[in-house]
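Reading the structure
Okay, here's what each chain looks like letter by letter:
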Amino acid sequence: MDADGNRNALCFNRNGDKRNLSDSYSCRKGKGTHRAMNRFRSFAYKASANHTRTCWVLKCDIKKFFASIDQRILLGIVACYIPDGHTNALLAEIVGSFHSTGQGKGLPLGNLTSQLLVNVYMNEFDQFVKHKLKAKYYVRYADDFVIMNTDRTWLEILIPRIARFLDERLALSLHPDKLFIRTLASGVDFLGWVHFTDHRVLRTVTKRRMLRNIIGKEEDDPCVRSYLGLLKHGNAQMLHKIAMAKLAFGGKRSSAGS
């Protein structure tokens, strides 16, 4: 990429992020999963009037998100951010070099460029949710998003409007098995944790995977340190003790067998 291309790409990154809503938390400086969860907790507090009213949560997920991105729509949106034809042509070449379910469909999962581009893509949806649906308490991380309100019926009415916008504007669809409306008091699974009114606990499948993966490892093992760091972001004191016991037991077993 030439100097002009670099400048335009940098401008795209800065201007694109400025246009993004503050409550989009994936792959953005100063954001991330932990801040998204804290925002979830803050919104839950406000939506429920300090937990004096029932807070309902609409939780949605987009089906085959990265594989379903329409490249033509994406490049059309990007062109609104970048007026330079050379840079747009380069991006078109990069995006078009990959396809998933069919020609002109999908972005490679895990690529940094993909993370940036889907934020631009989904900003169309963010703006719709905030300015058309008037959803005050909305948090999104990649294709995972929640909307909170004390009125369950209002949330139910939103679902077909959300589905229609995703289909008609972005060629995306909601995952039918990952869509629900639930009270916060009953627990809402979001970003690996189950959130309640006054605490959050690690998702059961993640807990089981962690305990299985750390057996026999030392405390300073990168995998163990990562899990122990994760536990600091929720109510997991007892789970931390169980994990440490697993490490001790695993270590003794390993030593006895050596």
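The following refers to the structure shown. (Residues numbered from 1 in each chain as written. Predicted model: local features only at pLDDT ≥ 70, side-chain atom pairs only at ≥ 80, totals over all residues. Heavy atoms only, no water.)

The subject of this paragraph is the overall build of the chain. Scanning the chain from N- to C-terminus turns up 10 helices and seven strands. Pairs at least 24 apart in sequence give 69% of the contacts found in the chain among residues at least 6 apart. (Helix = DSSP H or I, 4+ residues; strand = E, 2+ residues; numbered from the N terminus. Contact = heavy atoms within 4.5 Å.)

When you tally the buried positions in strand S1 (residues 56-61), you get five out of six residues, the bulk of the element. One ladder, built from six bridges, connects S1 with strand S3 (residues 144-149); its direction is antiparallel. For Asp 61, the partnering residue across the bridge sits in S3 and is Asp 144. As paired strands, S1 and strand S4 (residues 180-183) are joined by four bridges and run antiparallel to one another. By the bridge assignment for S4, Leu 58 is matched with Ile 181. (Buried < 20%, exposed > 50% of the residue type's maximum accessible area, 1.4 Å probe, protein only. Pairing = 2+ DSSP bridges.)

Right, let's talk about the sheet that holds strand S6 (residues 193-195) for a bit. Reading across the sheet, the three strands line up as S5-S6-S7 and stay open at both edges, with antiparallel pairing between neighbours. Of all the strands in the sheet, the pair left with one neighbour each is strand S5 (188-190) and strand S7 (200-202). Within this sheet the neighbouring strands show an average axis-to-axis angle of 30°, counted without direction. Pairing geometry for S5 and S6, over three bridges, is antiparallel. Following the sheet pairing, Asp 189 is matched in S6 by Val 194. (Axes fitted to C-alpha atoms, helices over the stretch in contact; angles between N-to-C directions.)

So, about the packing of helix H8 (residues 204-214) against helix H9 (residues 222-231). Helix-helix packing: each pair is described by the crossing angle between the helix axes and the interaxial distance. Across the interface, H8 lies against H9 with an axial gap of 10 Å and an inter-helix angle of 150°. In the packing of H8 onto H9, the handedness of the crossing is left-handed. Touching Thr 206, Arg 209, Met 210, Asn 213 and Ile 214 of H8 are Cys 223, Val 224, Tyr 227, Leu 230 and Leu 231, all from H9. (Left-handed = near helix turned anticlockwise from the far one by under 90°.)

The next thing to look at is the packing of aromatic side chains. In the structure shown here, the tally under the stated rule is nine aromatic pairs. Each ring, one from Phe 65 and one from Phe 66, has its centre 5.2 Å from the other, and the planes form 70°; the classification is edge-to-face. There is no split in this pair, since Phe 65 and Phe 66 are both buried. Measuring from centroid to centroid gives 4.2 Å for Phe 128 and Phe 165, while their planes differ by 10°, and the two rings are stacked. Of the two residues, Phe 128 is situated in helix H6 (residues 112-132) and Phe 165 in helix H7 (residues 152-170); the sequence distance between them amounts to 37 residues. On the accessibility criterion, Phe 165 (17% relative accessible area) is buried. Of the aromatic side chains, those joined through ring pairs into one cluster are Phe 125, Phe 128, Tyr 138, Phe 145 and Phe 165. (Phe/Tyr/Trp six-rings, centres within 6.5 Å; stacked < 30°, edge-to-face > 60°.)

With that settled, the discussion passes to the pattern of salt bridges. Counted under the stated rule, the structure contains seven salt bridges. The partner of Lys 105 in a salt bridge is Asp 70, with the nearest N and O atoms 3.9 Å apart. In this pair, Lys 105 sits in the loop between helix H5 (85-96) and H6 while Asp 70 sits in the loop between helix H3 (65-68) and helix H4 (71-81), placing the two residues 35 residues apart along the sequence. A relative accessible area of 23% means that Lys 105 is categorised as partly exposed. A residue is classified by how much of its surface remains accessible, and Asp 70, at 13% relative accessible area, is buried. Between Arg 169 and Glu 124 there is a salt bridge, with its nearest N and O atoms 3.1 Å apart. With a gap of 45 residues between them, Arg 169 in helix H7 and Glu 124 in helix H6 connect regions that are remote in the sequence. (Salt bridge = Lys/Arg side-chain N within 4 Å of Asp/Glu carboxyl O.)

Let us look at the pairing of S3. Where burial is concerned, most of S3 is hidden: five out of the six residues are buried. Pairing of strand S2 (residues 137-141) with S3 involves five bridges; the strand directions are antiparallel. Paired with Val 139 across the strands is Val 146, a residue of S3. Between S2 and the antiparallel strand that follows it, S3, lie two residues; Ala 142 among them carries a positive phi value of about 60°.

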